[in-house]
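The residues making up each chain are set out below.
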Amino acid sequence: MSVAAQYIPAAYSLTAVGVWGASDFLGGVGARRANAFLFTAIVHISGMVLMGTLALMTHAPFPGNASLVWSLIAGAVGGTALALFYRSLASGNMGLVAPVAAVVGAAIPTIVTAFAQGFPGYRHVLGFVVAGIGVWLISRAEGDTGRPAGLGMAVLAGIGFAGFYLCIHQTGDASALWAAACSRVGSLLVTGAIVLFGRYLRPVPAPVLAIAMIAGILDITGTAVFIRAAQIGRLDDAVVLSSLYPAVTVVLARIFLREHFSRARTIGMVAALAAVPMIAG
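Reading the values: the criteria
- Residues numbered from 1 in each chain as written.
- Predicted model: local features only at pLDDT ≥ 70, side-chain atom pairs only at ≥ 80, totals over all residues.
- Heavy atoms only, no water.
- Helix = DSSP H or I, 4+ residues; strand = E, 2+ residues; numbered from the N terminus.
- Rg over C-alpha atoms; globule rule 2.2 N^0.38 Å.
- Buried < 20%, exposed > 50% of the residue type's maximum accessible area, 1.4 Å probe, protein only.
- Contact = heavy atoms within 4.5 Å.
- Core = buried A, V, L, I, M, F, W, Y, C linked by side-chain atoms within 4.5 Å.
- Phe/Tyr/Trp six-rings, centres within 6.5 Å; stacked < 30°, edge-to-face > 60°.
- Salt bridge = Lys/Arg side-chain N within 4 Å of Asp/Glu carboxyl O.
- Axes fitted to C-alpha atoms, helices over the stretch in contact; angles between N-to-C directions.
- Parallel < 35°, antiparallel > 145°, perpendicular 65-115°, else oblique.
- Left-handed = near helix turned anticlockwise from the far one by under 90°.
- Nonpolar A, V, L, I, M, F, W, Y, C, P; charged D, E, K, R; others polar.

Caption draft 1: Spotlight on the overall build of the protein chain. For the protein chain, the count of helices and strands is twelve helices and zero strands. Helices and strands appear in the protein chain in the N-to-C order α-α-α-α-α-α-α-α-α-α-α-α. Computed over its C-alpha atoms, the radius of gyration of the protein chain comes to 18 Å, within 12% of the 19 Å expected for a compact globule of 281 residues. Seen along its three principal axes, the alpha-carbon backbone of the protein chain occupies a region of about 55 × 50 × 30 Å. Counting only residues that meet the buried cut, the protein chain has 53% of its 281 residues in that class.

Given below as structure tokens:
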């Protein structure tokens, strides 16, 4: 592998950082104006249509049965996690809850890899410690403000994201376009069922619909490039690098929503983000 080729997986992962970070910001904004599961279902529909169309246009080979099943499972888990994540972003401070979900989502696959391949190394352990400190600073009560809203859902979302990473990796060398599209089928089946049985189906304002469609395009793009990064590189590297996406979400929330953080929570947010590449070690 040439020197330039060695950076291709990282380039894919960093592309996921940009588009996932922007998608999550839009998702947090849109979920404040519509039911989170209904909004997420629209996100999944737009992403599924886009990626399925690209797969057909490029004549990408359709996945085998095993890869298809894993894609559907990954989508079901990840789609539910995304809805919870959007809800946590909508109900809380984006700059605080996004790093928590990212750390949890990155740490679990790394731990699984450690059990499968042996001791992860001292750099990983230090990353876990820094992440723990960061999450504690973010989640601890401060005066009369209490714990940040949406924190619990952010943790659940992070667990779901970890499940998505682990399941989608089982698709092997299947087309990244089809794997991403099929995962959205699984996502839509779960979120659509929740919308129907929960009676959340209702008209969505045009601006919110537009936000959901753009978020879906960005989200599915991030998924496709992440899958490709994991295919040609290491899963743990792809997961941890891609999990830097909250940095983009935080910057956008600071610029457009004027979000403010206490000094302790700012340190916690920075520590949580810094722990992500440390865990990659």
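Caption draft 2: Examining the side chain of Ser 23 more closely. When you line up the elements, Ser 23 lands in helix 2 (residues 8–30). A relative accessible area of 0% means that Ser 23 is categorised as buried. Once residues lying within four places of it in the same chain are set aside, the contact partners of Ser 23 are Tyr 86, Ala 215, Leu 218 and Asp 219.

Caption draft 3: Here's a closer look at the nonpolar core. Counting 63 residues, the largest nonpolar core has Phe 85, Tyr 86, Phe 161, Tyr 165 and Phe 226 as the members making the most contacts within it. Top contributing element to this core by residue count: helix 9 (residues 206–232), with eleven residues. Other than its neighbours up to four places away in sequence, Tyr 86 contacts Ser 23, Asp 24, Gly 27, Gly 28, Ala 31, Phe 39, Thr 40, Val 43 and Ala 215. In terms of nonpolar packing, the next biggest core, distinct from the first, is built from seven residues, Val 103, Val 130, Ala 271 and Met 278 among them.

Caption draft 4: Quick look at the packing of aromatic side chains. Under the counting rule described, the total for this entry stands at nine aromatic pairs. Measuring from ring centre to ring centre gives 5.4 Å for Phe 85 and Phe 161, while their planes differ by 80°; the resulting arrangement is edge-to-face. Taken together, the residues Phe 85 in helix 4 (residues 65–91) and Phe 161 in helix 7 (residues 151–169) connect sequence positions 76 residues apart. Of the two residues examined, Phe 85 and Phe 161, each falls in the buried class. Each residue in the set Trp 20, Phe 85, Phe 161, Phe 164, Tyr 165, Phe 226 and Tyr 245 is aromatic and connected to the rest through ring pairs, giving one cluster.

Caption draft 5: Main features of the pattern of salt bridges. Per the counting criterion, the structure on display carries one salt bridge. For Arg 184, the salt bridge is made with Asp 219, and the minimal N-O distance between the two is 2.7 Å. Of the two residues, Arg 184 is situated in helix 8 (residues 176–197) and Asp 219 in helix 9; the sequence distance between them amounts to 35 residues. In terms of burial, Arg 184 and Asp 219 fall into one category: buried.

Caption draft 6: A look at the packing of helix 2 against helix 11 (residues 246–256). One way to put it is that helix 2 packs onto helix 11 with a least axis distance of 8 Å and a crossing angle of 45°. Judged on the interaxial angle alone, helix 11 and helix 2 are oblique. Here helix 2 and helix 11 pass one another in a crossing that is right-handed. In contact with Val 17, Gly 18, Gly 21, Ala 22, Asp 24 and Phe 25 of helix 2, helix 11 contributes Val 248, Thr 249, Leu 252, Ala 253 and Phe 256. Split into classes, the residues belonging to the contact of helix 2 with helix 11 amount to seven nonpolar, three polar and one charged.

Caption draft 7: Representation of the packing of helix 4 against helix 7. Remark: helix 4 packs on helix 7, axes separated minimally by 8 Å, with the N-to-C direction vectors making an angle of 155°. Judged by the inter-axis angle, helix 4 sits roughly antiparallel to helix 7. For helix 4 against helix 7, the interelement crossing comes out left-handed.

Caption draft 8: Molecular detail of the environment of Arg 87. You can see Arg 87 is positioned in helix 4. Judged by its relative accessible area of 46%, Arg 87 is partly exposed. When the C-alpha atoms of Arg 87 and Gly 27 are compared, they prove to be 8.7 Å apart, with 60 residues separating the residues in sequence. Once you skip the residues sitting within four places of it in the chain, Arg 87 turns out to touch Ala 36 and Met 153.

Caption draft 9: Representation of the environment of Ile 227 in the model. By the secondary structure assignment, Ile 227 is in helix 9. For Ile 227, a relative accessible area of 3% gives the class buried. Aside from chain neighbours lying at most four places away, what touches Ile 227 is Ile 168, Ala 176, Ala 179 and Ala 180.

Caption draft 10: Here's a closer look at unusual backbone geometry. With a phi close to 55°, His 59 is a non-glycine residue in the positive phi region. Secondary-structure assignment places His 59 in the loop between helix 3 (36–57) and helix 4. Owing to a relative accessible area of 69%, His 59 belongs among the exposed residues under this scheme. Located in the positive-phi region is Arg 199, a residue other than glycine, with phi close to 55°. On the basis of relative accessible area, Arg 199 is assigned to the exposed category, the value being 74%.

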